Amino acid sequence: MENDRRQQPLIGVVMGSVSDWEVMRHAVQILKEFDVQYEAQVLSAHRMPDEMLAYAQNARARSMVAIIAGAGGAAHLPGMLAAKTTVPVLGVPVPSQYLRGVDSLHSIVQMPKGVPVATFSIGEAGAANAALFAIALLANVSAEYAHKLELFRQQQHDAACAATLPNL
């Protein structure tokens, strides 16, 4: 029987600037925990438009299952990627200095009909949940990832059940 030569599924983790790493590293930590192949890089919609378009246009050919895109401020990166690929784009609003990420949230979530971006909460929780969502996409076609996701959920359940409140 011939070996399966398909590429491993890949999750892209991109961000508009290096300062977004403090949020987006939480997505990478989850992907590492689940042994998911990923790549992480800065890909600015405003400063690197040609590279951003090429990344989006080549995503499916590179076996990307999803692109987790974090952006702050105007937050155009997730929407522009979604406009140029049919690979699911998972948008993570990164907190901004003045509006605390609400501007980013509005920019990402208000996509026009026909160009969807799955939008997550502002900050670290959004980055982690975007990674878990990407793993859930993988779990639809992989028993291994489905099992790992079930174990993760069970661990969360067990930790919540074991929680105790401090004495007051």
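Each value, and the rule that gives it
Residues numbered from 1 in each chain as written. Predicted model: local features only at pLDDT ≥ 70, side-chain atom pairs only at ≥ 80, totals over all residues. Heavy atoms only, no water. UniProt positions renumbered as here; feature names shortened; annotations may be inferred. Helix = DSSP H or I, 4+ residues; strand = E, 2+ residues; numbered from the N terminus. Rg over C-alpha atoms; globule rule 2.2 N^0.38 Å. Buried < 20%, exposed > 50% of the residue type's maximum accessible area, 1.4 Å probe, protein only. Axes fitted to C-alpha atoms, helices over the stretch in contact; angles between N-to-C directions. Parallel < 35°, antiparallel > 145°, perpendicular 65-115°, else oblique. Left-handed = near helix turned anticlockwise from the far one by under 90°. Contact = heavy atoms within 4.5 Å. Nonpolar A, V, L, I, M, F, W, Y, C, P; charged D, E, K, R; others polar.

The name an unreviewed UniProt entry gives the protein chain is N5-carboxyaminoimidazole ribonucleotide mutase, with Mycoavidus cysteinexigens as the organism. The Pathway (unreviewed entry) comment attached to the protein chain in UniProt states, word for word, "Purine metabolism; IMP biosynthesis via de novo pathway; 5-amino-1-(5-phospho-D-ribosyl)imidazole-4-carboxylate from 5-amino-1-(5-phospho-D-ribosyl)imidazole (N5-CAIR route): step 2/2." Quoted verbatim from the Catalytic activity (unreviewed entry) heading of the UniProt record, the comment on the protein chain is "5-carboxyamino-1-(5-phospho-D-ribosyl)imidazole + H(+) = 5-amino-1-(5-phospho-D-ribosyl)imidazole-4-carboxylate".

1. What about the overall build of the protein chain?
A count of helical and extended segments in the protein chain gives 6 helices and 5 strands. Counting helices and strands in the order they occur from the N terminus, the protein chain gives β-α-β-α-β-α-β-α-β-α-α. A compact globule built from 168 residues would reach a C-alpha radius of gyration of about 15 Å, and the protein chain, at 17 Å, matches this within 12%. Residue burial in the protein chain is summarised as follows: out of 168 residues, 40% are buried.

2. Some words on the packing of helix α5 (residues 124–139) against helix α6 (residues 143–162)
Their axes nearest at 8 Å, the elements α5 and α6 cross at an angle of 135 degrees. When the axis of α5 is compared with that of α6, the two are oblique. The two elements α5 and α6 meet at a crossing, and its hand is left-handed. Residues Leu132, Ile135, Ala136, Leu138 and Ala139 of α5 lie in contact with α6, whose contacting residues are Tyr145, Ala146, Leu149 and Phe152. In terms of residue class, the contact of α5 with α6 is made up of 9 nonpolar, no polar and no charged.

3. Some thoughts on the packing of helix α2 (residues 49–58) against helix α3 (residues 77–84)
Axis separation between α2 and α3 bottoms out at 8 Å; the angle between their running directions is 50 degrees. On the basis of their axis angle, the class for α2 and α3 is oblique. Seen from above, α2 lies across α3 with right-handed handedness. Note on element contacts: α3 touches α2 through Leu77, Met80, Leu81 and Lys84, opposite Met52, Leu53, Tyr55, Ala56 and Gln57. Residues of the contact of α2 with α3, tallied by class, amount to 7 nonpolar, 1 polar and 1 charged.

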